[in-house]
Amino acid sequence: MSDPRVTPLHLDLLDGESISEAVVAARDVTLLVNNAGISTGADLMTDDLDMIRQDLETHLFGTLRVIRAFAPALASNGGGAIVNLLSVLSWVATAEGSGSYSVAKAAEWNMTNGVRVELAGQKTLVQGVHLAAADTDMMAGRDAPKIDPVDVARAALDGVQAGAVEVLVDGPSRFVKSALAGDPAQLYGRPPGN
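This structure is a prediction, so every number in the text was calculated from the model and none was measured. (Residues numbered from 1 in each chain as written. Predicted model: local features only at pLDDT ≥ 70, side-chain atom pairs only at ≥ 80, totals over all residues. Heavy atoms only, no water.)

**Q** Summarise the overall build of the protein chain; cite the residues concerned and give the values.
**A** Looking only at helices and strands, the protein chain has five helices and four strands in total. Reading the secondary structure of the protein chain in the N-to-C direction produces α-β-α-β-α-β-α-β-α. Out of the 194 residues in the protein chain, the part that is buried amounts to 37%. Once local pairs closer than 6 in sequence are excluded, the contacts in the protein chain between residues at least 24 apart make up 66%. Accessible surface computed for the protein chain: about 10,900 Å², of which carbon and sulfur atoms make up 56%. (Helix = DSSP H or I, 4+ residues; strand = E, 2+ residues; numbered from the N terminus. Buried < 20%, exposed > 50% of the residue type's maximum accessible area, 1.4 Å probe, protein only. Contact = heavy atoms within 4.5 Å. Areas by Shrake-Rupley, 256 points an atom, 1.4 Å probe, with all protein chains shown as cover.)

**Q** Lay out the nonpolar core in plain terms, naming residues and giving numbers.
**A** By size, the foremost hydrophobic cluster in this structure holds 19 residues, and its most contacted members are Leu32, Ile67, Phe70, Ile82 and Leu119. Counting residues per element, the ones that place at least two in this core are helix 1 (16–25), helix 2 (49–76) and helix 3 (99–119). The greatest single-element share of this core, amounting to seven residues, is contributed by helix 2. Sequence-distant contacts of Phe70, defined by excluding residues within four places in its chain, comprise Leu11, Ala22, Val23, Ala26, Val29 and Leu32. Judged by nonpolar contacts, the second largest core, of nine residues, contains Val83, Val129, Ile147 and Val169. (Core = buried A, V, L, I, M, F, W, Y, C linked by side-chain atoms within 4.5 Å.)

**Q** So, the packing of aromatic side chains: which residues are in play, and what are the values?
**A** Scanning the entire structure with this criterion turns up one aromatic pair. With a centroid separation of 5.9 Å and an interplanar angle of 90 degrees, the aromatic rings of Trp91 and Trp109 are classed as edge-to-face. In this pair, Trp91 sits in the loop between strand 2 (81–85) and helix 3 while Trp109 sits in helix 3, placing the two residues 18 residues apart along the sequence. Overall, Trp109 belongs to the partly exposed group, its relative accessible area being 25%. (Phe/Tyr/Trp six-rings, centres within 6.5 Å; stacked < 30°, edge-to-face > 60°.)

**Q** Talk me through the sheet that holds strand 1 (residues 31–34); I want residue IDs and the actual numbers.
**A** Reading across from one edge, 1-2-3-4 is the order of the four strands in this open sheet, with parallel pairing throughout. Edge positions in the sheet fall to strand 1 and strand 4 (166–168), since each has one partner strand and no second. Ignoring which end each strand starts from, the neighbouring axes of this sheet average 15 degrees apart. Two strands pair when backbone bridges link them, and strand 3 (residues 125–130) and strand 4 are joined in this way by three bridges, in the parallel orientation. Bridged to Val129 within strand 4 is Val167. Each of strand 2, strand 3 and strand 4 touches helix 3; the most contacted strand, strand 3, lies at about 160 degrees to it. (Pairing = 2+ DSSP bridges. Axes fitted to C-alpha atoms, helices over the stretch in contact; angles between N-to-C directions.)

**Q** Describe in detail the pattern of salt bridges, supporting the description with residues and values.
**A** Taken as a whole, this structure holds five salt bridges when the rule is applied. Residues Lys177 and Glu166 are paired through a salt bridge, measuring 2.5 Å at the closest nitrogen-oxygen approach. Remark: Glu166 occurs in strand 4 and Lys177 occurs in helix 5 (residues 171–179); sequence separation between them is 11 residues. Note on Glu166: relative accessible area 28%, which makes it partly exposed. (Salt bridge = Lys/Arg side-chain N within 4 Å of Asp/Glu carboxyl O.)

Take a look at the structure:
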């Protein structure tokens, strides 16, 4: 399916020149979706700090670079919206190998919140989308329930239309978000209070 309103562009969020070229090509942008991601699988206590920096460089600084570059175009086009694809791991680290990714996603989540405040004056909606796992290349080979990426896109776009600043796509993201108000031990399989 092709949509004449959509023009695919190459953009490397770690390359400032690539970002600048994309901004020039998309001066009429009204919706920016940040979905780029990696997972080094780095453990916080044992793996090289450069691996952890790579996760942060991509999820936090790379996404922020793209937002900063596109924000003026969004403002000149009436504000528009920014959608950041986050993760249930923005709120919790659940297994070995998820520590670095969780830290990077937590940073991206709070950056999303900060950018929302800073761009409110130009009427740009900034939305965070949370889910457990989507059936993507990054999740290939992992034995876990996965949601169809089309469902994620649909939920995010429905959220933009409704003016939602946060979209919880699936049951795991809704459970973890609600559990944050209680004893966090329940997120780690321990009875509350132990």
